[in-house]
Amino acid sequence: MKDTTKLYTLLVYSENVAGILNQITAVFTRRQVNIESLNVSASSIPGVHKYTITAWSDEDQIVKITKQIEKKIDVVKANYFTDEQLFFRETGLYKLSTDIVLQNPEISRTIRRHDASITEVNPTYVIVMKNGKTDEIISLFLALDEFGCVLQYTRSGRIAVTRGKQEQVSEFLEQREKAEH
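Rules used in this analysis
Residues numbered from 1 in each chain as written. Predicted model: local features only at pLDDT ≥ 70, side-chain atom pairs only at ≥ 80, totals over all residues. Heavy atoms only, no water. Helix = DSSP H or I, 4+ residues; strand = E, 2+ residues; numbered from the N terminus. Buried < 20%, exposed > 50% of the residue type's maximum accessible area, 1.4 Å probe, protein only. Contact = heavy atoms within 4.5 Å. Areas by Shrake-Rupley, 256 points an atom, 1.4 Å probe, with all protein chains shown as cover. Pairing = 2+ DSSP bridges. Axes fitted to C-alpha atoms, helices over the stretch in contact; angles between N-to-C directions. Patch = residues over 30% accessible without salt bridge, like charges linked within 9 Å, V, L, I, M, F, W, Y side chains within 5 Å. Salt bridge = Lys/Arg side-chain N within 4 Å of Asp/Glu carboxyl O. Core = buried A, V, L, I, M, F, W, Y, C linked by side-chain atoms within 4.5 Å. Phe/Tyr/Trp six-rings, centres within 6.5 Å; stacked < 30°, edge-to-face > 60°. Parallel < 35°, antiparallel > 145°, perpendicular 65-115°, else oblique. Nonpolar A, V, L, I, M, F, W, Y, C, P; charged D, E, K, R; others polar.

### Here we look at the overall build of the chain
Alright, step 1. Counting its regular elements, the chain contains 6 helices and 9 strands.
Alright, step 2. Here the chain, with 181 residues, has 39% of them falling under the buried criterion.
Alright, step 3. The long-range fraction of contacts in the chain, counting pairs at least 24 apart against all pairs at least 6 apart in sequence, stands at 74%.
Alright, step 4. When the accessible surface of the chain is split by element, carbon and sulfur atoms take 50% of a total near 10,700 Å².

### Some remarks on the sheet that holds strand S4 (residues 75-81)
Alright, step 1. Pairing in this open sheet of 4 strands is antiparallel, and the strands run S2-S3-S1-S4 from one edge to the other. Edge positions in the sheet fall to strand S2 (35-42) and S4, since each of these pairs with one other strand and no more. With direction set aside, neighbouring strand axes in the sheet form an average angle of 15°.
Alright, step 2. Bridge count between S2 and strand S3 (residues 48-57): 7 bridges; the pairing is antiparallel. Looking across to S3, one finds that Ser37 is bridged to Thr54.
Alright, step 3. Sheet contacts for helix H2 (residues 59-70): strand S1 (6-15), S3 and S4; angle to S4, the most-contacted strand, approximately 170°.

### As for a nonpolar patch on the surface
Alright, step 1. Residues Leu21, Leu38 and Val40 make up a contiguous nonpolar surface patch of roughly 200 Å² in combined accessible area.
Alright, step 2. Residue position: Leu38 is located in strand S2.

### Some words on the nonpolar core
Alright, step 1. Ranked by size, the top nonpolar core spans 16 residues in total, and within it Leu10, Val12, Ile24, Phe28, Ile53, Ile65 and Ile69 carry the most contacts.
Alright, step 2. Elements with a minimum of two residues in this core: S1, helix H1 (20-30), S3, H2 and S4.
Alright, step 3. Broken down by element, the residue count for this core peaks at 4 residues, all from H1.

### Some remarks on the packing of aromatic side chains
Alright, step 1. Summed over all chains, the structure comprises 3 aromatic pairs.
Alright, step 2. Ring centres 4.3 Å apart and planes at 20° place the aromatic pair Phe141 and Tyr153 in the stacked group. Taken together, the positions of Phe141 in helix H5 (residues 134-146) and Tyr153 in strand S8 (residues 150-155) put the pair 12 residues apart, joining distant regions of the chain.
Alright, step 3. An aromatic cluster is defined as three or more aromatic residues linked by ring pairs; in this entry it consists of Tyr94, Phe141 and Tyr153.

### Re the pairing of S4
Alright, step 1. Among the 7 residues in S4, 6 count as buried, and that is most of the element.
Alright, step 2. In this structure, S1 lies alongside S4, joined through 6 bridges in antiparallel fashion. Counterpart to Tyr13 in the pairing with S4 is Lys77.

### A few points about the packing of helix H4 (residues 105-113) against H5
Alright, step 1. Contact pair H4 / H5: the axes reach a minimum separation of 10 Å and the direction vectors enclose 175°. Regarding the angle of H4 to H5, the classification is roughly antiparallel. Each of Ile107, Thr110 and Ile111 in H4 lies in contact with H5, whose residues at this interface are Leu140, Ala143 and Leu144.
Alright, step 2. Residue composition of the contact of H4 with H5, by class: 5 nonpolar, 1 polar and no charged.

### Comments concerning the environment of Asn104
Alright, step 1. On the secondary structure map, Asn104 appears in the loop between helix H3 (98-103) and H4.
Alright, step 2. When the C-alpha atoms of Asn104 and Cys149 are compared, they prove to be 9.8 Å apart, with 45 residues separating the residues in sequence.

What follows is the structure, given as structure tokens:
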């Protein structure tokens, strides 16, 4: 049987109420789908929060998850997307040993080749930051790790916007407002 799983990004918009995050993640848990990354922030619409969730799944399962999330009372709108349908970025932070970085100039060249920037240097560690797509962030980590200089590494959850003119929830809210009047 062919593996049909791929990475999907769900954009979920909800009222800003306590407990909604737990309700959303419970949908994934019930379907035994692991969340790869999760980012929650205010959206461009006052009073509405945006959840950007990535998960590996097949389309049938993601459709079901999206529909279940959208049924939650405080969820305004939920949609799923593939990478091609979105503009997205993450941030990677790398804490490197200053001694090793100073001993090997190739480390600085590697940082520059990956379009990353050194944001802090002190006698103990060097902080490097890289913004980009997931594979670019991981690629820099793997390159730096080969030098044996990585003390700590982390990457953020994905942030994403659709490639359309406005957020899809904006159209939904406008239609809902017209229907109420």
